[in-house]
Each structure stands twice: as structure tokens, then as C-alpha cells.
Amino acid sequence: MLASKQEPVDYRRPLPHRETEGPDKTSRPLVGKKFLVAKDQKALTHIAMKTLTHRGATVKLCGNGEEALDLVRNDLVTHRKHRYDYILMDCQMLIMDGFEAAREIRKEEKSYDVHIPIIALTSHEQGEETRRMIEAGMDHHLTKTLKLDRLLETITSICFFK
Amino acid sequence: MEVGQMQRQWVDYTKSLFLEGFLDGQFLQLQQLQDESNPDFVVEVVSLFFEDSEKLLNDLTRALEQPSVDFKRVDAHVHQFKGSSSSIGAQRVKNACIAFRNFCEEQNTEGCIRCVQQVKQEYYLVKNKLETLFAMEQQIVAAGGSIPILELSF
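Residues numbered from 1 in each chain as written. Chains lettered and ligands numbered in written order. Predicted model: local features only at pLDDT ≥ 70, side-chain atom pairs only at ≥ 80, totals over all residues. Heavy atoms only, no water.

In the nomenclature of an unreviewed UniProt entry, chain B corresponds to Histidine-containing phosphotransfer protein from the organism Prunus yedoensis var. nudiflora.

Next up, the structure:
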């Protein structure tokens, strides 16, 4: 049995802003959920993308904190509310890191009385950057190698406390 | 070489990568994300890791060549490398990064330079191993076989 040929991905071009939906799968707990994922490393982004779309989520990717901020700001100005349900924010991006982006997003939100859950992605073991995350206005944190079960726990707890 | 033999070779080789600590459980997690809709997922992620890594290693080397080393910047790069290597299960690279960060904290230039060499070495080793593994997979598929499901129990 030959492996099916996929359309070749051009890894040399910079990460585009793209919206993607997952294939039809039987267990899709993230159906209807829209994620904005801000990450600047290709391998990790690819894994996050697959983990989320595999379970039915719609994902918008962006390559750094500044792009995430622009996307969010644009939605708030145009529609007066968030387009996405959650933001997964890498803490350590090189162009505007996650902390700064989160701080700026919270500032933008003030005029609209909205609050989008921002989930920090960090490769630090627990505790190391918790203070920075809280100060930046982030709500939760997960490890960068996105573990589906922890993500689902976090999403559930966010919904529960809404 | 017939398919059965190739498959057995693949199993032995994969097992050795885990036993020798080149790969850890995270690599298996990646394989679990691979399916009919994305049959090349693992190869894609690993290729992206290679791309990320080449850039990171260049940035690291350059940062340490500066007359006045910015250890915070070096640490930031190592931190990123640690994250991405652990994301594909490249255990020995990840461990080399952990050791590296200690020297960054101490602001020890010589220690850091030694660590860059160490990290590079581990990276090129695992790169080589993974490329060999993927080449084996291509051969199996080209010969009409399928990649065995790996059951690891150790």
C-alpha cells in the first residue's frame, strides 16, 4: 500500500495567516471553537495546528505577538467583540512576546468590556513564569507541546466559569 | 531485501533510538497525530524542526561571537531550542539545552561555547538518525509494505 501523495507544503515561505478546518472525525470536542494561535516556531505551530484541527477546531495562525494584537484590535474596532473564542499565546516569541501582546490586548479590551481567554504556552516547568503570566493578564497556561487532554481540561474550566 | 526484513530492521532501529535516549515518548505522541488525512505528519513536523534548528543554531553561534555577549538573548534562544527539541521528542538535544541554560545563568562564556558545541553535536546526531529512519520508511512503502505499528514496552 503506497502512502497517499499530499500536496507539498512550501516550508520556505513565512507562516501565512490562514484559516483551516479539521476533517470530519467522530470525536471532535473542539467543533465550533475558534482559536487564534500565536507562535513563531514552525514545528511547534504545526503540532498545535494538527492537535486542534484534529478535534474539530478552527484555527487562525499568526507568527508573533504583534500580529495577534493587530488581528484582535481589528476585530474589536470593526465588530466591537472578539472573533475568536480563545487565544493560545506563545510566551517566548521574538517579535513582541506573549506577555507584551497579552498586556496590550487587555488594554484594547477595556473600551469594549470584553475578555477573551488567553492561554499562555510555555516550555517552562510549572511556577517559573506564573507571576509574569498573571501580571500580563493571561488566564491559563499550557506546555508548548500541546497536550490535548490538558487543553480540553482548560477549555472546560473556562466554559464552566464563564 | 524483502519487505518483511526491511520492516524488522525498521522496528529494531526505532527501538534502538528510544533505548539510546535519542527519542522519548513525545515522538510517539507525534505518531499518534498522524492519520490518513495527514500521512506525512511526522516527517513534516521533523522537517520543520530541522528548519527551526538551523536558524536557532546560527543565531546562537552569532550571539556568542559578539564582543560583549548578551546572555539574556543567548538564554532566550536556548530556551526556544529546548522547547522545539522537546516537542519532537529529541531527548538528548533537550537535555543539552537544559545544561546550557545553567551556563547562561552563570554568564559563563566559555561554558556556553562548549555547550553550543554539545548541542550542535546532539542535534546533528539525532538529525542523522531521523533521516535514516525516514529513508527506511520510504523504502518499505516503495516496496509495497506498510510501516509497522510500534509497541514499546520497556
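### What about unusual backbone geometry?
Phi at M96 of chain A is positive, roughly 55°, even though this residue is not glycine. Not every positive phi belongs to a glycine, and Q107 of chain B is a case in point at roughly 55°. As for its position among the elements, Q107 of chain B is in the loop between α5 (91-105) and α6 (109-142). (Helix = DSSP H or I, 4+ residues; strand = E, 2+ residues; numbered from the N terminus.)

### Some details on the UniProt feature "modified residue: Phosphohistidine" (unreviewed entry) in chain B
UniProt feature "modified residue: Phosphohistidine" (unreviewed entry): in the numbering of this structure it lies at H79 of chain B. Tracing the chain through its elements places H79 of chain B in helix α4 (residues 71-87). (UniProt positions renumbered as here; feature names shortened; annotations may be inferred.)

### Concerning helix α2 (residues 25-33) of chain B
Turning to α2 of chain B, its buried residues number three or more, namely Q26, F27, L30 and L33 of chain B. Taken down its axis, α2 of chain B places every buried residue within 110° of arc, on the same side. Buried positions along α2 of chain B lie against α1 (42-54) of chain A together with α1 (3-19), α3 (41-65), α4 and α6 of chain B. (Buried < 20%, exposed > 50% of the residue type's maximum accessible area, 1.4 Å probe, protein only. Arc of directions from axis to C-beta. Contact = heavy atoms within 4.5 Å.)

### Quick look at the UniProt feature "domain: HPt" (unreviewed entry) in chain B
Here the UniProt feature "domain: HPt" (unreviewed entry) sits at residues 38-143 of chain B. With 86% helix and 0% strand, the stretch residues 38-143 of chain B has end C-alpha atoms that lie 21 Å from each other.

### Looking at α4 of chain B
Residues that lie three or four places apart on an α-helix share one face, since the helix turns once every 3.6 residues. Residues and elements named next belong to chain B. The end-to-end C-alpha separation of α4 is 24 Å, in line with the 24 Å expected for 17 residues at 1.5 Å each. Where burial is concerned, most of α4 is hidden: 13 out of the 17 residues are buried. Two to three positions downstream of the cap, the backbone nitrogen of K72 sits 3.2 Å from a side-chain oxygen, assigning the N-cap of α4 to D70. At the exit of α4 stands G89, carrying a positive phi of roughly 85°. (Expected span 1.5 Å × (residues − 1). Polar contact = N/O pair within 3.5 Å; in protein donor to acceptor, adjacent residues only side chain to side chain.)

### Structural notes on the pattern of salt bridges
Residues and elements named next belong to chain A. Under the counting rule described, the total for this entry stands at 18 salt bridges over all chains. The residue D70 makes a salt bridge to R73 at a minimum N-O spacing of 3.5 Å. Taken together, the residues D70 and R73, both in helix α2 (residues 65-79) and three residues apart, mark about one turn of the helix. We classify D70 as partly exposed; its relative accessible area is 42%. Several salt bridges share partner residues, and in doing so they unite D70, R73 and E108 into one network. (Salt bridge = Lys/Arg side-chain N within 4 Å of Asp/Glu carboxyl O.)

### What about the interface of chain A and chain B?
Counting from both sides, the interface comprises 26 residues of chain A and, opposite them, 32 residues of chain B. Between chain A and chain B, a total of about 2,700 Å² is buried, with carbon and sulfur atoms accounting for 55% of that surface. Across the pair D35 of chain B and K50 of chain A runs a salt bridge, and its minimum N-O distance is 3.5 Å. At the boundary of chain A with chain B, the tally comes to ten residue pairs in polar contact (both at pLDDT 80 or more). Of the residues contributing to the side of chain A that touches chain B, the split by class is ten nonpolar, ten polar and six charged. (Buried area = accessible area lost by both parts, 1.4 Å probe. Nonpolar A, V, L, I, M, F, W, Y, C, P; charged D, E, K, R; others polar.)

### Describing the packing of α1 of chain A against α3 of chain B
Helix-helix packing: each pair is described by the crossing angle between the helix axes and the interaxial distance. Relative orientation of the contacting elements α1 of chain A and α3 of chain B amounts to 150°, with a least axis distance of 7 Å. As the angle between them shows, α1 of chain A and α3 of chain B are arranged roughly antiparallel. Between α1 of chain A and α3 of chain B, the residues in contact are K42, A43, H46, I47 and K50 of chain A and F41, E44, V45, L48, F49, E51 and D52 of chain B, respectively. (Axes fitted to C-alpha atoms, helices over the stretch in contact; angles between N-to-C directions. Parallel < 35°, antiparallel > 145°, perpendicular 65-115°, else oblique.)

### Considering the nonpolar core
Core analysis: the largest hydrophobic core is formed by 48 residues, its most contacted members being F27, L30, V74, F81, F100 and L130 of chain B. At the level of elements, α1 of chain A together with α1, α2, α3, α4, α5 and α6 of chain B are the ones that each hand at least two residues to this core. Here this core takes twelve residues from α3 of chain B, the largest share from any one element. For L30 of chain B, the residues in contact, after removing those within four places along its chain, are I47 of chain A together with F41, V42, V45, S87 and I88 of chain B. One finds L36, V72, M93 and A102 of chain A within the second-largest nonpolar core, a separate group that totals 25 residues. (Core = buried A, V, L, I, M, F, W, Y, C linked by side-chain atoms within 4.5 Å.)

### Observations regarding the packing of aromatic side chains
Residue and element names in this part refer to chain B. In this structure the tally under the stated criterion is eight aromatic pairs over all chains. Centre to centre, the rings of F49 and F50 are 6.0 Å apart; their planes meet at 50°, and the pair counts as tilted. Each of the two residues, F49 as well as F50, counts as buried. The structure contains a cluster of three or more aromatic residues connected by ring pairs, namely F49, F50, F81, Y123 and Y124. (Phe/Tyr/Trp six-rings, centres within 6.5 Å; stacked < 30°, edge-to-face > 60°.)

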